[in-house]
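Overview (structure and organization)
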Amino acid sequence: MNPDIFRAFRNRNYRFFFAGQSLSLLGTWMQKTAVSWVVYAQTQSKFMLGVSVFATLFPSAVFSLLGGVVSDRYNRYRVLLLTQVLSMAQALLLTLAVYFKQDAVREIIALSAVLGIINAFDVPARQALVYDLVDDKQDIPNAVAMNSTMLNLTKLLGPAVAGFAIEHLGAVACFGLNALSFVAVIGSVLALRLPAYVAKVRTKNMLGELQEGFQYVKDMAAIRFLIIMLGITGLLVLPFTNLMPVYAKDIFHGNATTFGLLDGALGLGGLVAALYLASLKPSTDLNKVLMTNMFVFGAGLVLFAYTPWFWLALPFLIVGAFGMMSQTTISITLLQTLMLPAMRGRVISIYVLVYTASVPLGSLLVGAVSERLGVQPTVLAEGVLALLIALLYARNLRQVQAANAAAHTTETPVAEATVA
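Figured I'd write up the structure that's included with this text.

Reading the values: rules and limits
- Here, residues in each chain are numbered from 1, in the same order as that chain's written sequence.
- Under the rules for a predicted model, residues below a pLDDT of 70 receive no local features and side-chain atom pairs below 80 are neither given nor counted, while totals for whole chains, interfaces and linings still include all residues.
- The basis for every side-chain value is the complete set of heavy atoms in the structure, and neither hydrogens nor water enter the calculation.
- Where helices and strands are cited, they refer to DSSP runs of H or I of at least four residues and of E of at least two residues respectively, numbered from the N terminus.
- Multiplying 1.5 Å by the residue count of a helix minus one yields the expected span of that helix.
- What qualifies as a polar contact is a pair of N or O atoms within 3.5 Å, subject to a donor-acceptor requirement within protein and to the restriction that residues adjacent in sequence count only when both atoms come from side chains.
- For our purposes a nonpolar core is just a set of buried Ala, Val, Leu, Ile, Met, Phe, Trp, Tyr and Cys residues, chained together by side-chain atoms within 4.5 Å.
- For every residue, the accessible area (1.4 Å probe, protein chains only) is compared with the maximum for its type, and the residue is labelled buried under 20%, exposed over 50%, or partly exposed between those bounds.
- In this analysis, two residues are considered to be in contact whenever any of their non-hydrogen atoms come within 4.5 Å of each other.
- Only residues whose relative accessible area exceeds 30% and that form no salt bridge are eligible for patches; like-charged ones are grouped when within 9 Å, while nonpolar side chains (Val, Leu, Ile, Met, Phe, Trp, Tyr) are grouped when within 5 Å.
- Per-residue and other accessible areas follow the Shrake-Rupley method at a 1.4 Å probe size, with only the shown protein chains counted as cover for residues.
- For this document, the term salt bridge refers to a Lys or Arg side-chain nitrogen within 4 Å of an Asp or Glu carboxyl oxygen.

1. A look at helix H3 (residues 76–100)
Under the 1.5 Å per step criterion, the end-to-end length of H3 is 36 Å for 25 residues, consistent within 8% with the ideal 36 Å. Where H3 begins, the capping side chain belongs to asparagine 75, and its oxygen is found 3.0 Å from the backbone nitrogen of tyrosine 77.

Structure representation (structure tokens):
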């Protein structure tokens, strides 16, 4: 294996951050799996699955812009530390609710909304802080790819462990272990060695800084395109993952372990994608990789949708997840390398706003459509839509290549020609 794939680990702060986040995310995916399973087991409603996702993501969308301004305006380190403590408290309350109440769907949804509010401030601060954890800024793309590797490795292991825990210990064990996992991430944050925070002189109020962030995204065509495409994909395609409990229970006639394997297949595909992206050479045309993997995403969903054999469906799901995670990881990588450090929190918050608005709305849409048409036709339609979205990436790639050719001919730099 190419040793450069781990070059971000040369940075001490990033090593501590990576270790703590890995344990925390393992618990987070266990909790997410348990929430989906408990909600569907107690309600037998595909629509309620969408509601449970909506409850987490919609509050993030509402408060994400405020979270981005807070990240740029105040000490990101302290913001991150506070959000981790609050997340641990939320996990503890969820554990108690499920333990003491037989039917805790309302409490689960309410606490999911609380987590969504916390995440609105956590994600911009955490993503923006990554830039400060890496001394050699050329390692930023690798650090982002390694973050994706961490996310997908925990997504691979978390659901599988959760499936086993639900069957043998009950769902409450997943919630309790998630609460415990925050001890690791809080410890890793406290271990970071960062320069003393110097407050910046502010000439605008929070609303003015927010407007400045929107104007920046509007003016940067490359950033604007990436965020718009994320929104389209999040609304129409990404919510297919919410239907995995239905596939496990109704299509493949399985149990919690079956669900865990399906969710684990999503994590495996994403993990392979992240390792692949981390190994890419700096000269690689990420626009071309982005377009190609969007086609892979769509093809994987089309093949998975109607496959009746579980062990054949898993490889198709892995292929789809590979394309899905490649698309999202490349998008955030390009954003990290394009935006100015002073605008980092606000751009990330707009990215989060689009994601956390499109995915929950898409979850409600997909839940309603699957109730009417069935889960398999819905997933097939999402695969076809992914292929159509890939055509938009192909069109953009041709425009980028034409701009590069024109710049080479005239020897005049073209703004944002490398990423559009």
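Okay, back to it.
2. Quick notes on the nonpolar core
A general trend in soluble globular proteins is that nonpolar side chains are found buried together. In this structure, Tyr14, Ile223, Met244, Tyr247 and Leu262 are the most contacted members of the largest nonpolar core, which totals 112 residues. Ignoring anything within four residues of it in the chain, the contact list for isoleucine 223 reads Tyr216, Val217, Leu335, Leu338, Met339 and Val347.

3. A word on unusual backbone geometry
For histidine 253, which is not a glycine, the phi torsion comes out positive at approximately 50°. Topologically, histidine 253 is positioned in the loop between helix H9 (244–251) and helix H10 (256–278). What makes histidine 253 exposed here is its relative accessible area of 66%.

4. A word on a nonpolar patch on the surface
Together, Phe58, Val62, Phe63, Leu66 and Ile117 make up a nonpolar patch on the protein surface, roughly 390 Å² of accessible area in all. Top contributing element to the nonpolar patch by residue count: helix H2 (residues 46–73), with 4 residues. Its location among the elements puts isoleucine 117 in helix H4 (residues 105–133). Overall, the relative accessible area of 34% leaves isoleucine 117 in the partly exposed class.

5. Focus on the environment of methionine 343
Following the sequence through the fold, methionine 343 ends up in the loop between helix H12 (310–338) and helix H13 (344–373). The class of methionine 343 is buried, set by a relative accessible area of 7%. As a C-alpha pair, methionine 343 and tyrosine 99 span 244 residues in sequence and 43 Å in three-dimensional space. Apart from residues no more than four positions distant in its own chain, methionine 343 is found in contact with Asp72, Glu212, Gly213 and Tyr216.

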